[in-house]
Amino acid sequence: MITAERKPLEEIIEYIKPFKRILLLGCNECVTVCAAGGRKEVGLLASGLQLALLKSGSSIEIREHTLERQCDPEYVEELVPMIGSEEAILSMACGCGVQQLATRFKDKPVFPALNTKFMGGSLSQGVWDERCKGCGDCLLGLTGGICPIAKCAKQLMNGPCGGSTDGKCEISDDVECAWQLIWNRLKALGQEDRFLDIMPAKDWRSGGGGGPRKIIREDLAE
Amino acid sequence: MKTESNLEKVLAAGHLAVTSECGPPRGAVAKELTDKAKYLEGVVDAVNVTDNQTAMVRMSSLAGSVLIKQQGMHPLLQVVTRDRNRLAIQADILGAYSLGIDTMLCLSGDHTKFGDHPMAANVHDIDSIQLIQMVKGMRDESKFQGGSDIKGAPKMFIGAAANPFADPFELRVMRLAKKIAAGVDFIQTQCIFNIEKFELWMEGVRKMGLHKKCYILAGVTPMKSVGAARYMKNRVPGMDVPADVVERMASVPKEKQPDEGVDICIETIERLKKVEGVAGFHIMAIEWEEKVEEIVRRAGLYPRPEIS
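Numbers given to residues run from 1 along each chain, matching the order in which its sequence is written. All chains are assigned letters beginning at A, and all ligands numbers beginning at 1, according to the order in which they are written. Predicted model: local features are reported for residues with pLDDT of at least 70 only, side-chain atom pairs are reported and counted for 80 or more only, and whole-chain, interface and lining totals are derived from all residues. Side-chain figures throughout are based on the complete set of non-hydrogen atoms in the structure, without hydrogens or water.

1. Notes on the domain arrangement of chain A
- Domains are outlined according to an automatic or database domain assignment. Annotation of chain A at the domain level lists domain 1 (2–118) and domain 2 (133–203).
- On a C-alpha basis, the centroid separation for the pair domain 1 of chain A and domain 2 of chain A is 38 Å.

As structure tokens, then:
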């Protein structure tokens, strides 16, 4: 999923304080799962903002709403009947959702309430870690299902650097050495020989080096 | 011979090679570098010029190498993949070779977290093994990494680092094997304090016959003080300083510790000379370049061979 964290209240207030009426818009997908921008967080942020604004002697009318998916034009259309009276939209979706809104409602200011973080998964309750950089040419089949691009601090593709100690990365004891993890997996799978294969320099065009990426599925495109 | 590198000539002639290093200054004063380099004149076969070491901005290793070259010495250009992509690195290699630099070291580099620009983006377009492949392709096939032809190929003698003390230990010989398969000509190891562990690594190296496929220069460092020993033991990632070495440094009064550090270094070299497959020594006397000559002389590695 795409993970996110809420921006500091002060930054959000700076965005919205010129307005009298705003739409605070959650998203029911990834940001709900990572507890950053779902219905519940929309409610919490709305009251947090009202309280903070009250203290400073101002107020804004905040209308709360949560879409099934903010990155999907079909769901964003739902907003058309309600958007007219709103002066601005404060989005609690990831950056994809924010941009969907900005593209659809060309004359309406749209602000992000979240910082989009990374593609990852849940490690345990309340903990998420990065797992994919979206390089566009997945090599997990060669590395025992653990990604050195996303999980090695130097994105080394041919083994651990000289800083790997007791399974930890040189940058922090809180970071596991990706190549230790890969090696453990290769051993468990009986694929130790695979380590000796040199992974050649990567073609980063598929990873964004070729400019903004797009997928066109001829069988689905209208 | 693959190149005109003085280091290659010394190694190919069967001598124990000696290299040392010179870190460029954190400013634009050439004299700071050339003053340090003077201590190494006639004492070593090549002088490593570090590339933004510990991720701190310094004068570029290419400029530093040129300055060393102008002193009539043989620079060994260090290149890390942290700061430049493949275009910039290849451009620098062409430039370096055009200025008479024919020996280089391929590294991934310390993480930016450790330096004075932790906010910088790490490049890592390629890793150190892919860098070796690239430099070899430029030299032996006159091809850029992208595939087009080079007019006037840079003939670099290609080095890389190896750390026998990092984890997982069982991968450390295999990683050297990968570097050799990628095309490395010589290796400089991490500083050796744990000689038993180094010998164990060399056993694995010999078992795969790797010592016959590249030259292995054993890395040594004289410690200035027990504080330095403790710092390296506890704070430098991938360093293995055994407790008895720290104790030995602590056992002498403060003013005698530099001498003790030099003694340990020389004893280490003497022991490593007996290890089959060690082709020379890389003496990393960080900000202590003036001690290198004494170490080289006392370790019986002086004078350095003159090979034309």
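Here the narrative resumes, following the displayed structure.
2. Overview of the nonpolar core
- Residues belong to one nonpolar core when they are buried, are Ala, Val, Leu, Ile, Met, Phe, Trp, Tyr or Cys, and are joined through side-chain atoms within 4.5 Å. Partly exposed describes any residue whose relative accessible area lies between the buried limit of under 20% and the exposed limit of over 50%, with all areas from a 1.4 Å probe on protein chains only and scaled to the type maximum. Of all hydrophobic cores here, the largest spans 71 residues; its most connected members are B:Leu176, B:Phe198, B:Trp201, B:Ile269 and B:Leu272.
- The dominant element in this core, judged by the number of residues it contributes, is helix 5 (residues 128–140) of chain B, at six residues.
- Those residues in contact with B:Leu176 that lie beyond four places of it in its chain are B:Ile187, B:Trp201, B:Val205, B:Leu210, B:Cys214 and B:Ile216.
- If you look at the next biggest cluster of nonpolar residues, it comprises 26 residues, including A:Ile12, A:Ile22, A:Leu53 and A:Ala88. Here a strand is any run of E in DSSP of at least two residues, a helix any run of H or I of at least four, and the numbering for each starts at the N terminus. Contacts are assigned to residue pairs that have any heavy atoms within 4.5 Å of one another.

3. Some words on the packing of aromatic side chains
- Each Phe, Tyr or Trp ring (for Trp, its six-membered ring) is paired with any other whose centre lies within 6.5 Å, and the angle between the two planes then decides the class: stacked below 30 degrees, edge-to-face above 60, tilted in between. In total, this model carries six aromatic pairs over all chains according to the counting rule given.
- Aromatic side chains A:Tyr15 and A:Phe111 sit 5.1 Å apart centroid to centroid with 20° between the ring planes, which places their arrangement in the stacked category. With A:Tyr15 in helix 1 (residues 9–16) and A:Phe111 in strand 5 (residues 110–112), this pair connects stretches of sequence that are 96 residues apart.
- The partly exposed category is assigned to A:Tyr15, whose relative accessible area is 27%.
- Geometrically, the ring pair formed by B:Phe157 and B:Phe186 is stacked, given 5.1 Å between the ring centres and 25° between the ring planes.

4. What about the interface of chain B and chain A?
- Taken together, the 31 residues of chain B in the interface contact 30 residues of chain A.
- Buried surface area refers to the total accessible area, computed with a probe of radius 1.4 Å, that the two partners give up upon joining, counted for both partners together. Summing the contributions of chain B and of chain A, the shared interface buries around 2,600 Å²; its carbon and sulfur component is 55%.
- Area buried by chain B at its contact with chain A is led by B:Asp167, B:Leu171 and B:Lys178, which between them contribute 22% of it.
- Where B:Glu170 meets A:Lys187, a salt bridge forms, and the shortest distance between an N and an O atom there is 2.7 Å.
- Listed by contribution, the elements that provide at least two residues to the side of chain B that touches chain A are helix 5 and helix 6 (169–182) of chain B.
- Only Asp, Glu, Lys and Arg are considered charged, only Ala, Val, Leu, Ile, Met, Phe, Trp, Tyr, Cys and Pro nonpolar, and every remaining residue, Gly among them, polar. Partitioning the side of chain B that touches chain A into residue classes produces twelve nonpolar, nine polar and ten charged. A carboxyl oxygen of Asp or Glu within 4 Å of a side-chain nitrogen of Lys or Arg is what we treat as a salt bridge.

5. A word on the environment of B:Ile295
Residues and elements named next belong to chain B.
- Within the secondary structure, Ile295 sits in helix 11 (residues 292–298).
- The exposure class of Ile295 is buried, given its relative accessible area of 0%.
- Non-local contacts of Ile295, meaning those with residues more than four positions away in its chain, are made with Pro222, Val262, Cys265, Ile266, Ile269 and Ile283.

6. Brief notes about the sheet that holds strand 2 (residues 46–49) of chain B
All names here are of chain B.
- Two strands are counted as paired when DSSP detects at least two bridges linking them. Within the closed barrel, the eight strands sit side by side as 1-2-3-4-5-6-7-8. Their pairing is parallel. When the angles between neighbouring strand axes are averaged without regard to direction, this sheet yields 30°.
- As judged from the four bridges shared by strand 6 (residues 186–191) and strand 7 (residues 215–220), these two strands associate in the parallel manner. Across the sheet, Phe186 pairs through a bridge with Tyr215, a residue of strand 7.
- Note on geometry: axes are lines fitted to C-alpha atoms, helical ones only across the stretch in contact, with angles between N-to-C directions running from 0 to 180 degrees. Contacts between helix 5 and the sheet are confined to strand 3 (75–80), strand 4 (103–107) and strand 5 (157–162), with strand 4 contributing the most and set at about 150° to the helix.
- Here helix 7 (residues 195–207) sits on the sheet in contact with strand 5, strand 6, strand 7 and strand 8 (278–283), set at roughly 170° to strand 7.

7. Quick look at the sheet that holds strand 6 (residues 114–124) of chain A
All names here are of chain A.
- Judged by pairing direction, the sheet is antiparallel, and its three strands sit side by side in the order 1-6-7 without closing on themselves. Here the strands that pair on one side only, and so sit at the sheet edges, are strand 1 (2–6) and strand 7 (127–132). Strand-to-strand, the axes of this sheet are offset by a mean angle of 70°, without reference to chain direction.
- In this sheet, strand 6 lies alongside strand 1 in antiparallel orientation, the contact comprising four bridges. Residue pairing across strands places Glu5 opposite Asn115, the latter belonging to strand 6.

8. Some thoughts on unusual backbone geometry
Residue and element names in this part refer to chain B.
- Residues Asp167 and Pro168 are joined by a peptide bond in cis, for which omega reads -15°.
- As for its position among the elements, Pro168 is in the loop between strand 5 and helix 6.
- Residues Tyr302 and Pro303 are joined by a peptide bond in cis, for which omega reads 0°.
- With respect to the helices and strands, Pro303 occurs in the segment after helix 11.
- Residues other than glycine seldom take positive phi values, yet Ala55 does so here, at roughly 60°.
- Along the chain, Ala55 turns up in the loop between strand 2 and helix 3 (61–70).
- Using a relative accessible area of 8% as the deciding quantity, one classes Ala55 as buried.
- Even without a glycine there, the phi angle at Ser142 is positive, about 50°.
- Tracing the backbone through its elements, the reader meets Ser142 in the loop between helix 5 and strand 5.

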